[in-house]
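Here are the chains, one letter per residue:
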Amino acid sequence: MGIMPDSWIREMAETKGMIEPFVETQKREGVISYGVSSYGYDARVADEFKIFTNVDNAIVDPKRFDDSSFVDRKTDVCIIPPNSFALARTVEYFRIPRDVLVICLGKSTYARCGLIVNVTPLEPEWEGHVTLEISNTTPLPAKVYANEGLCQFLFLKGDSVCEVSYADKSGKYMGQKGVTLPRL
């Protein structure tokens, strides 16, 4: 299994629609960088956020998730409360090839400010907008800038094609659009 370079990412985006919209070069001027990099793709966060709130003293239960635990915001700058988190999504829509697994890491600009990005792996033949979990580990409010880079996706190509893909399993998050809450 090897990590795939910029030339492969560009070719797959242009010929197979692996990433849409695709930014061919890394954009950096006055923004947190995004676009293709040497061995990955820096994705942008969209302007849709679900910010965690404890107004109703809800309990977080992944089997019975109550969406009243969040406040919805559509904004260019999301402020995440101290020691809290928000859900967001990528601007980009991803279509993962059958022989590829994608992992995501947060960008160092945000990590150095105490913001951690968590995304589970994008499985072979999964497609959709990626729901991003952004944790503010600091005792202070923190800003996240919409339409700028938030995380980097690394594409790992398997030595052979998997027997069962996410599409074969009819995965519950297949084709998701927008910020997607937990499903059972």
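Predicted model, so just to flag it, every value in this text is computed and none were measured. (Residues numbered from 1 in each chain as written. Predicted model: local features only at pLDDT ≥ 70, side-chain atom pairs only at ≥ 80, totals over all residues. Heavy atoms only, no water.)

Enquirer: Run through the overall build of the protein, naming residues and quoting values.
Expert: Along the protein, the regular secondary structure elements total two helices and 13 strands. Over its C-alpha trace the protein gives a radius of gyration of 17 Å, about what one expects of a compact globule, namely 16 Å for 184 residues. Dimensions of the protein, computed from the C-alpha atoms along their principal axes, are close to 50 × 40 × 25 Å. Buried positions account for 46% of the 184 residues belonging to the protein. Contacts spanning at least 24 positions in sequence make up 75% of the contacts within the protein whose residues lie at least 6 apart. For the protein, the distance from the average site of its 21 positive side-chain charges to the average site of its 25 negative ones is 2 Å. (Helix = DSSP H or I, 4+ residues; strand = E, 2+ residues; numbered from the N terminus. Rg over C-alpha atoms; globule rule 2.2 N^0.38 Å. Buried < 20%, exposed > 50% of the residue type's maximum accessible area, 1.4 Å probe, protein only. Contact = heavy atoms within 4.5 Å. Lys, Arg positive; Asp, Glu negative; His and termini not counted. Charge placed at Lys NZ, Arg CZ, Asp CG, Glu CD.)

Enquirer: I'd like a description of the packing of aromatic side chains, backed by residues and values.
Expert: Scanning the model with the defined rule gives six aromatic pairs in all. Taken together, a centroid distance of 6.0 Å and an interplanar angle of 55 degrees make the contact between Trp8 and Phe155 tilted. In this pair, Trp8 sits in helix H1 (residues 6-16) while Phe155 sits in strand S13 (residues 149-157), placing the two residues 147 residues apart along the sequence. Summarising the burial analysis for this pair, Trp8 and Phe155 share the class buried. Between the aromatic rings of Phe94 and Phe153, the centroid separation amounts to 4.7 Å while the plane-to-plane angle is 45 degrees, which identifies the pairing as tilted. Within this pair, whereas Phe94 is found in strand S8 (residues 85-95), its partner Phe153 is found in strand S13, the two being separated by 59 residues in sequence. Accessibility expressed as a relative area gives 0% for Phe94, which makes it buried. Owing to a relative accessible area of 0%, Phe153 belongs among the buried residues under this scheme. By the ring-pair criterion, three or more aromatic residues cluster together here, those being Phe52, Phe70 and Phe85. (Phe/Tyr/Trp six-rings, centres within 6.5 Å; stacked < 30°, edge-to-face > 60°.)

Enquirer: Outline the layout of surface pockets, supporting the account with residue identities and numerical values.
Expert: Gaps left between atoms are located by rolling a probe of water-molecule size over the structure's atoms. Volume-wise, the largest pocket comes out at about 460 Å³. Along the walls of the largest pocket sit 21 residues, with Thr120, Thr131, Glu133, Tyr173 and Thr180 positioned nearest its centre. Going through the elements one at a time, S8 and strand S11 (127-136) are the ones with two or more residues in the lining of the largest pocket. Looking at which element gives the most residues to the lining of the largest pocket, the answer is S11, with three residues. Here the residues of the lining of the largest pocket are counted per class, giving 14 nonpolar, five polar and two charged. (1 Å grid on protein atoms, 1.4 Å probe; cavity = no way out; pocket = protein on both sides within 12 Å on 5 of 7 lines; lining within 4 Å. Points joined across faces, edges and corners; volume = space filled by probe spheres on them. Nonpolar A, V, L, I, M, F, W, Y, C, P; charged D, E, K, R; others polar.)

Enquirer: Just give me the short version of the environment of Asp72, but keep the residues and values in it.
Expert: In this structure, Asp72 sits in strand S6 (residues 70-74). The sequence separation of Asp72 and Arg95 amounts to 23 residues, and the corresponding C-alpha distance is 27 Å. In contact with Asp72, other than residues within four places in its own chain, are Phe49 and Lys50. Here Lys50 takes part through its side chain, which lies 2.7 Å from a polar atom of the side chain of Asp72. (Polar contact = N/O pair within 3.5 Å; in protein donor to acceptor, adjacent residues only side chain to side chain.)

Enquirer: Tell me about the UniProt feature "active site" (unreviewed entry) in the protein, and name the residues and values.
Expert: In the UniProt entry, the feature "active site" (unreviewed entry) is given for Glu133. Looking at the secondary structure, you find Glu133 in strand S11. Aside from chain neighbours lying at most four places away, what touches Glu133 is Ala86, Leu87, Ile116, Val117, Asn118 and Val119. (UniProt positions renumbered as here; feature names shortened; annotations may be inferred.)

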